[in-house]
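Commentary on secondary and tertiary structure
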Amino acid sequence: MARKPYDPPFSLRLSFEERARLEQQADGTPLGAYIRERLLAEPPRRSRITPADRQALIQLLGGLGQSRIANNLNQLAKQANLGTLPVTPDTETALAEAAADIAAMRQMLVKALGLDAAP
């Protein structure tokens, strides 16, 4: 079986200052991918999560862990199915708080993934 011809890699020498400037501009994107994107005007391929995105995802997961949303929704659904869910001001407040928490987590996730923030 014949092998494909192999193109040798291309090397580029940079001063320490030039490399530092490129790394700052790349903002967490691998340097080779960033340079390729800039030189060839290709859209970036997201192969890694930037440090800012990682921090946003950590905050999201922490918020989910502290919120008890799944447990609370399960209890509300069970009471609604049984017909025993009292609609009191406390219940309305709790539902509004849960909805606000979910909306905030959604916004963080949308931002972390670089998606359009439209509802």
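In this numbering scheme, every chain counts its residues from 1 along its sequence in written order. Where totals are concerned, whole chains, interfaces and linings use all residues; where local detail is concerned, this predicted model gives features only for residues with pLDDT of at least 70, and gives and counts side-chain atom pairs only at 80 or more. Side-chain metrics in this entry use all non-hydrogen atoms of the structure; hydrogen atoms and water are not considered.

Points about the overall build of the chain
Looking only at helices and strands, one finds five helices and zero strands in the chain. Labels follow the DSSP assignment, with helices taken as runs of H or I lasting at least four residues and strands as runs of E lasting at least two, numbered in each case from the N terminus. The secondary structure elements of the chain, listed N-terminal to C-terminal, are α-α-α-α-α. Residues count as neighbours in contact if any of their non-hydrogen atoms are within 4.5 Å of one another. When contacts within the chain are restricted to residue pairs at least 6 apart in sequence, those whose partners lie at least 24 apart make up 39%. Note on areas: these come from Shrake-Rupley sampling with a 1.4 Å probe, and a residue is covered only by the protein chains present in the view. Accessible surface for the chain amounts to roughly 10500 Å². Of this, 57% is attributable to carbon and sulfur atoms.

What to know about the pattern of salt bridges
Salt bridges are defined as contacts in which a side-chain nitrogen from Lys or Arg sits within 4 Å of a carboxyl oxygen from Asp or Glu. Scanning the model with the defined rule gives one salt bridge in all. Residue Arg19 is joined to Glu23 by a salt bridge in which the shortest nitrogen-to-oxygen separation is 2.8 Å. Taken together, the residues Arg19 and Glu23, both in helix H1 (residues 16-26) and four residues apart, mark about one turn of the helix. Burial classification: accessible surface area is computed with a 1.4 Å probe over protein chains only, and a residue below 20% of its type maximum counts as buried, one above 50% as exposed, and the rest as partly exposed. Note on Arg19: relative accessible area 45%, which makes it partly exposed.

Things to note about a nonpolar patch on the surface
Residues forming no salt bridge and having over 30% relative accessible area are the ones grouped into patches, like charges within 9 Å of each other and nonpolar side chains (Val, Leu, Ile, Met, Phe, Trp, Tyr) within 5 Å. A contiguous nonpolar patch, built from Phe10, Leu12 and Leu14 and spanning about 360 Å² of accessible area, is present on the exposed surface. Position of Leu14 among the secondary structure elements: in the segment before H1. Judged by relative accessible area, which is 33%, Leu14 ranks as partly exposed.

Section: the packing of H1 against helix H2 (residues 31-40)
Angles here are taken between N-to-C directions and fall from 0 to 180 degrees, while the axes themselves are lines fitted to C-alpha atoms, restricted in helices to the stretch in contact. Two numbers describe how H1 lies on H2: the axes approach to 10 Å, and their chain directions differ by 85°. Accordingly, the angle class assigned to the pair H1 and H2 is roughly perpendicular. Listed contacts from H2 to Arg19, Leu22, Glu23, Gln25 and Ala26 of H1 are Leu31, Tyr34, Ile35 and Arg38. Its residues assigned to classes, the contact of H1 with H2 comprises five nonpolar, one polar and three charged. Orientation is classified from the angle alone, with under 35 degrees giving roughly parallel, over 145 giving roughly antiparallel, 65 to 115 giving roughly perpendicular, and any other angle giving oblique. Amino acids outside the nonpolar list (Ala, Val, Leu, Ile, Met, Phe, Trp, Tyr, Cys, Pro) and the charged list (Asp, Glu, Lys, Arg) are all regarded as polar, and Gly is one of them.

Some words on unusual backbone geometry
Positioned with a positive phi, Asp27 is a non-glycine residue whose angle comes to about 50°. Looking at the secondary structure, you find Asp27 in the loop between H1 and H2. Under the relative-accessibility criterion, Asp27 is labelled exposed at 55%.

Quick word on the confidence of the model for the chain
A residue's pLDDT is the confidence the predictor assigns to it, expressed on a 0 to 100 scale. Across the chain, pLDDT averages 80, with 87% of residues at or above 70. Averaged over each element, pLDDT in the chain is lowest for helix H3 (residues 51-67) (79) and highest for H1 (93).

Things to note about the environment of Leu61
Summarising the element assignment, Leu61 is placed in helix H3. The class for Leu61 is exposed, based on a relative accessible area of 59%. When the C-alpha positions of Leu61 and Met105 are compared, they lie 8.7 Å apart, and in sequence the two are 44 residues distant.

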